[in-house]
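Now for the letters of each chain:
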Amino acid sequence: MTPAPAPATGKATPAPATGTGTGTGTGTPVGTATGTQRQARAVRLGPRSLVALALVSAVGVAAFGWPFLAPPASTLNAHAQDAPWLFAGLLVLLVGVVAATISESGLGPKAVAMLGVLAATGAALRPIGAGTAGLEPMFFLMVLSGRVLGPGFGLVLGSVTMFASALLTGGVGPWLPFQMLAMGWFTMGAGLLPGQDGLRGRAELCLLAAYGFLAALAYGTVMNMAGWPFMAALASNISFDPDASVPANLARFLTYCLATSLGWDLGRALLTVVLALTLGAPVLRALRRATRRAAFETPVTFTGHP
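Here is what the cut-offs are and how they apply
- Residues numbered from 1 in each chain as written.
- Predicted model: local features only at pLDDT ≥ 70, side-chain atom pairs only at ≥ 80, totals over all residues.
- Heavy atoms only, no water.
- Helix = DSSP H or I, 4+ residues; strand = E, 2+ residues; numbered from the N terminus.
- Contact = heavy atoms within 4.5 Å.
- Core = buried A, V, L, I, M, F, W, Y, C linked by side-chain atoms within 4.5 Å.
- Buried < 20%, exposed > 50% of the residue type's maximum accessible area, 1.4 Å probe, protein only.
- Salt bridge = Lys/Arg side-chain N within 4 Å of Asp/Glu carboxyl O.
- Axes fitted to C-alpha atoms, helices over the stretch in contact; angles between N-to-C directions.
- Parallel < 35°, antiparallel > 145°, perpendicular 65-115°, else oblique.
- Left-handed = near helix turned anticlockwise from the far one by under 90°.
- Nonpolar A, V, L, I, M, F, W, Y, C, P; charged D, E, K, R; others polar.
- Phe/Tyr/Trp six-rings, centres within 6.5 Å; stacked < 30°, edge-to-face > 60°.
- Expected span 1.5 Å × (residues − 1).
- Bend = angle between axes of the 7 residues up to and from the residue.
- Polar contact = N/O pair within 3.5 Å; in protein donor to acceptor, adjacent residues only side chain to side chain.

I'm lost on the overall build of the protein in this one. Help?
Of regular secondary structure, the protein possesses nine helices and two strands. Walking the protein from its N terminus toward its C terminus, one meets helices and strands in the order β-α-α-α-α-α-α-α-α-α-β. Considering only residue pairs separated by 6 or more positions, the protein has 79% of its internal contacts joining residues 24 or more positions apart.

Written out as structure tokens, the structure is:
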């Protein structure tokens, strides 16, 4: 005679986790036999956030590239020295993007804590190499954080980190909105790289190093575009000429980059590559372990204990 099963005690216990215990977009833990896993996302870009991001990005492209978008006869060229103050309104739009992203994603206290820790760490890393050939280890941390925590978190982290570092170093000015937008793009791009759930090991480090190198150079070039039109007094043969054609101004801009910032940008890019290849593996493991333990998207479920 088979004995009857023992009655349930009524004590609720957490359901056993499957796989690695990380969450999917629906909150269901996922794991596979091959060891791949679906990375959790602390911040997800919803419809309202995407619309706000598209608006800010469009205004940002116009703010950075207006010397090449406006024809020589445009009245915008008459306000070349006023443009930094006109485009400083980007800061308000950036704050709106961050607020919309946070409110729509339902950012919990654990995600806020991680955002604060990473932003504070990035802000503290930025002044370390200031004035020394562009050696800014903050970019390395932004690449890895965006990779692990996704484009939504990367957008918020990049903007908040640059704002915090500006307060720390006294770098608040009309250039700050441009820096926040460029760093938001930089960190968000790392979260959009392929192989989020399957690419690991040396291949992933090489991908991040290559992205960090190109993105660090692109960041410097973009920031040059923000300041180049307003430095006419430095050197007339490489400064922005409102009366010149677009190809002529493009040649001037390339000469300006080569003469003034290429060494600084290469230092930043090469340092990002070196740090990604040497310290990337342990930092990625630490970030992923913290993300798994935070369980941003995994709800707690209870079953009866037999």
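What should I look at first to understand the nonpolar core in this one?
The nonpolar side chains of a soluble globular protein tend to be buried, and buried together. Counting 52 residues, the largest nonpolar core has L118, F153 and M183 as the members making the most contacts within it. Sorting the residues of this core by element identifies α1 (47-69), α3 (90-105), α4 (109-125), α5 (138-169), α6 (176-191), α7 (202-227) and α9 (262-294) as the ones contributing at least two each. Top element by residues in this core is α5. It accounts for 15 residues. With eight residues, the next largest nonpolar core counts I238, F240, F253 and Y256 among its residues.

Please explain the pattern of salt bridges as it appears in this structure.
It is possible for side chains of opposite charge to pair when their charged atoms get near one another. If you walk through the whole model with that rule in mind, you get five salt bridges. For the salt bridge of R126 with E136, the shortest nitrogen-to-oxygen distance reads 3.9 Å. Here the residue R126 occupies a position in the loop between α4 and α5, and E136 occupies one in the loop between α4 and α5, the gap between them amounting to 10 residues. Just as R126 is buried, E136 falls in that class too. If you follow the salt bridges from partner to partner, you end up with R126, E136, D265 and R268 in one network.

Explain the environment of M180 to me, please; I cannot follow it from the model alone.
Along the chain, M180 turns up in helix α6. Overall, M180 belongs to the buried group, its relative accessible area being 5%. It is 4.5 Å that separates the C-alpha atoms of M180 and S159, two residues lying 21 residues apart in sequence.

Quick question: what am I supposed to make of the packing of α5 against α9 here?
Helix packing for two helices is described by the angle between their axes and how far apart those axes are. Two numbers describe how α5 lies on α9: the axes approach to 8 Å, and their chain directions differ by 40 degrees. With respect to their mutual orientation, α5 and α9 come out oblique. Read as a crossing pair, α5 and α9 show a hand that is right-handed. The residues of α9 that touch α5, namely those facing F139, F140, V143, L144, S145, R147, V148 and L149, are R268, T272, L275, A276, L279, G280, V283, L284, L287, R288 and T291. Taken together, the residues that form the contact of α5 with α9 break down as 12 nonpolar, four polar and three charged.

Where do I start with the packing of aromatic side chains in this structure?
Any aromatic ring pair is given by two values, namely how distant the centres are and how the planes are angled relative to each other. A full pass over the atoms with the stated rule returns five aromatic pairs. A centroid spacing of 5.2 Å and a plane angle of 70 degrees characterise the contact between F64 and F178, whose relative ring orientation is edge-to-face. Here F64, found in helix α1, pairs with F178, found in helix α6; they are 114 residues apart in sequence, far enough to count as distant. Judged by relative accessible area, F64 falls into the buried class, the value being 4%. Centroid distance F139 to Y219: 5.1 Å. Interplanar angle 70 degrees. Geometry classified as edge-to-face. Note that F139 is positioned in helix α5 and Y219 in helix α7, a separation of 80 residues in sequence. Side by side, F139 and Y219 carry an identical accessibility label, which is buried.

What am I meant to see in α1 here?
In an α-helix, one turn spans 3.6 residues; hence positions three or four apart end up facing the same way. Here α1 spans only 29 Å end to end across 23 residues, well under the 33 Å set by a 1.5 Å rise per residue. At A63, α1 shows its maximal kink, close to 50 degrees; a proline, P67, follows between one and four residues later. Listed in full, the buried residues belonging to α1 are S49, A52, L53, V56, S57, G60, A63, F64, G65, W66 and P67.

When you look at the side chain of E136 in this model, what are you seeing that I'm missing?
Owing to a relative accessible area of 9%, E136 belongs among the buried residues under this scheme. There is a polar contact of 2.9 Å between the side chain of E136 and the side chain of R268.

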